[in-house]
Amino acid sequence: VASFSVLADVVTQVGGDHINVKSLVPPNGDPHEFEPAPDDAKSLKEADVTFISGEGLEVWFKKLVTASGYSGKPVVVSEGIKMREMEEDGKTITDPHVWNSPVNVKVWVANIEKALAAADPADTADFKANAAKYRKELDALNSYAKSVIETVPKDRRKILTSHDAFGYFGREYGVQFLSPLGLSTETEASAADVAKLIDQIKAEKVKTYFFENSNDSRLVDQIAKATGAQPGGELYVESLSTADGPAPTYAKMFRYNVDRLSKAFAGT
């Protein structure tokens, strides 16, 4: 079992044919506000290995453990990542959206490989080979993003999104993301916060806004109308698309987002 669809895909890449992965949060679902169903409790109790991202992303997971009677210890795949911290409502909090940098996902891969090998020693060699192959794919994604974004002047790398989920992407590639909500979609932006953000967007000449596939878009729409920012489409931030959508795997999701942002920076 994996907590949400992005993580489920990465676990699948490492485990290959030796594992069967269920994602608790479905495609296009919000991992912040997810409400588990009885079937999720059943899946968790029956799991041989359970993976969560951690760092406050899955606030619902403890309740699910209690409800399910699950006695195992989940693998926290984000352990070992250099975390991003920020101030929110006077408190220092950790940004849990680590996967929006492929460099961080390589740490996930190492933790996943170790956990699968411990659970299934007979297939250790296959897990190791799968992990090595996938790390090369992640390196290629990182190189692709750098090559695309480095062509954009730094003062034009500014985007409006609904919540602060692109911090690691921004840190890695020098892109500034502005958002009315904080790190979780469960937070609410005050009227003063929204007014301040509108002023900032106008002052910094942010030209493009994006909706997120797993979030309510109304607040971003309101801010865009007040600032004149133009729609850039939809980004896949913390959830994959369905299998027939544009972002059914992590690799496709990341490349899709880079391409969408690139078009926005180019004004197309």
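Described below are features of the structure shown in this document. (Residues numbered from 1 in each chain as written. Predicted model: local features only at pLDDT ≥ 70, side-chain atom pairs only at ≥ 80, totals over all residues. Heavy atoms only, no water.)

### Description of the overall build of the chain
No. 1: A count of helical and extended segments in the chain gives nine helices and eight strands.
No. 2: Put simply, the chain has 268 residues, and 50% of those count as buried.
No. 3: Carbon and sulfur atoms provide 49% of the accessible area of the chain, an area that totals close to 12900 Å². (Helix = DSSP H or I, 4+ residues; strand = E, 2+ residues; numbered from the N terminus. Buried < 20%, exposed > 50% of the residue type's maximum accessible area, 1.4 Å probe, protein only. Areas by Shrake-Rupley, 256 points an atom, 1.4 Å probe, with all protein chains shown as cover.)

### Things to note about helix 1 (residues 5-15)
No. 1: In terms of residue burial, helix 1 counts as a mostly covered element, since nine of its eleven residues are buried.
No. 2: Among the structural elements, strand 1 (51-52), helix 4 (102-119), helix 5 (124-149) and helix 9 (250-266) are those in contact with the buried residues of helix 1.
No. 3: Positive backbone phi, approximately 60°, marks glycine 16, located one or two places after helix 1. (Contact = heavy atoms within 4.5 Å.)

### Observations concerning the packing of helix 2 (residues 38-46) against helix 3 (residues 61-68)
No. 1: Between helix 2 and helix 3, the shortest axis-to-axis distance is 9 Å and the interhelical angle comes to 80°. Considering their axes alone, helix 2 and helix 3 lie roughly perpendicular with respect to each other. Contacts between helix 2 and helix 3 pair Asp40, Ala41, Leu44 and Lys45 from the former with Phe61, Leu64, Val65 and Ser68 from the latter.
No. 2: Classifying every residue of the contact of helix 2 with helix 3 by side-chain character gives five nonpolar, one polar and two charged. (Axes fitted to C-alpha atoms, helices over the stretch in contact; angles between N-to-C directions. Parallel < 35°, antiparallel > 145°, perpendicular 65-115°, else oblique. Nonpolar A, V, L, I, M, F, W, Y, C, P; charged D, E, K, R; others polar.)

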